[in-house]
Amino acid sequence: NRHLLLQYEVDGKRQFIVFDRANPDSVVNINSTFNLQPTRVALFDKAVEKAYLYDGTTQELRVADLIKKTVNPPIAEKVLDFKTHGADTLLYTAILPTDTNVAGVYVRHEDKTFLVRTLPYSVTEKYLLDVARFDNHWYYVVATESEGKIYIYKDPKEMPAGESAAYLSVMRLD
């Protein structure tokens, strides 16, 4: 890879830079470019044109254009964790706006977002997420540490309010 996304700490604050091995003078410091303090950054499709910027303090997830040097308003709020795949697929957990004791698992694909399932929320909960594409099908993996279960979804669809998508498989973690 020609470009590297690097994270380092200065005075206890995380800094993110995009380094171009072929042109070392064109380093982009994401923090100073966008005047933000993200706690996590993920590139779109491992390319350097766009990036997801996550602020764990405000729990906001934004999209930044690293070429135009612009940042969009949050695409999701109260975000707890996220996982990206390719240029247009995002799996994330966020506290439900209607019930602060419940976290929703959402899929955002090509600017359309839908709820896959709900899970218990607590500040100590860890959410494990993964996304893969295989044989022209999308697979989403969701787990919580407290439940000890892994849910695997194959091509989940948007469900009516109050319903969760049907999962392909559930496995117990022992």
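Anyway, here's the lowdown on the structure attached to this text. (Residues numbered from 1 in each chain as written. Predicted model: local features only at pLDDT ≥ 70, side-chain atom pairs only at ≥ 80, totals over all residues. Heavy atoms only, no water.)

1. Some remarks on the overall build of the protein chain
Quick note on the threshold: Note on conventions: DSSP H or I runs of at least 4 residues are helices, E runs of at least 2 residues are strands, and numbering of each starts at the N terminus. Our radius of gyration is a C-alpha quantity, and the globule rule it is checked against amounts to 2.2 Å times the number of residues to the power 0.38. To sort residues, take the accessible area from a 1.4 Å probe on protein chains only and compare it with the maximum for the residue type: under 20% means buried, over 50% means exposed, and anything in between is partly exposed. Only the protein chains shown count as covering a residue, and every accessible area follows the Shrake-Rupley method with a 1.4 Å probe. When charges are counted, Lys and Arg contribute as positive and Asp and Glu as negative, whereas His and the chain ends are disregarded. Note on charges: their place is set at NZ of Lys, CZ of Arg, CG of Asp or CD of Glu.
Each helix and strand counted, the protein chain has one helix and 15 strands in total. A compact globule built from 174 residues would reach a C-alpha radius of gyration of about 16 Å, and the protein chain, at 17 Å, matches this within 12%. In terms of principal-axis extent, the alpha carbons of the protein chain reach across some 50 × 35 × 35 Å. When the 174 residues of the protein chain are sorted by exposure, 37% land in the buried category. Summed over its atoms, the accessible surface of the protein chain is roughly 10,200 Å², and 49% of this surface lies on carbon and sulfur atoms. Here the protein chain contributes 21 positively and 24 negatively charged side chains, and the mean placements of these two sets differ by 2 Å.

2. Looking at the environment of Phe-134
Mapped onto the elements, Phe-134 comes out in strand β12 (residues 127-134). Spatially, the C-alpha atom of Phe-134 lies 26 Å from that of His-3, the residues being 131 residues apart in sequence.

3. A short note on the sheet that holds strand β6 (residues 60-65)
This is how the line gets drawn: Following DSSP output, two strands are said to pair if at least two bridges run between them.
The four strands are arranged β4-β5-β6-β7 in an open sheet whose pairing can be described as antiparallel. A single partner strand is all that each edge strand has here, and the edge strands are β4 (40-43) and β7 (70-71). Two elements, β6 and β7, share two bridges in a ladder whose sense is antiparallel. Bridging from a neighbouring strand, Ala-64 pairs with Val-71 of β7.

4. Looking at the packing of aromatic side chains
Put simply, the rule is: By convention, a stacked pair of Phe, Tyr or Trp rings (six-membered ring in the case of Trp) has centres within 6.5 Å and planes under 30 degrees apart, an edge-to-face pair has planes over 60 apart, and any other such pair is tilted. Over a ring means this: the NZ of a Lys or the CZ of an Arg is within 6 Å of the ring centre and within 35 degrees of the ring normal.
Counted by the stated rule, this structure contains five aromatic pairs. Judged by centre distance (5.2 Å) and plane angle (20°), the rings of Tyr-92 and Tyr-106 are stacked. With Tyr-92 in strand β9 (residues 89-95) and Tyr-106 in strand β10 (residues 102-109), the pair connects residues that are 14 residues apart, well separated along the chain. When its relative accessible area of 6% is taken as the criterion, Tyr-92 is described as buried. Feature note: the residues Phe-44, Tyr-52, Tyr-54 and Phe-82 constitute an aromatic cluster, connected by ring pairs. Directly above the ring of Phe-82 sits Arg-40, whose terminal nitrogen or CZ lies 3.9 Å from the centroid. The ring centre of Tyr-151 lies 3.9 Å from the NZ or CZ of Arg-117, which sits over that ring.

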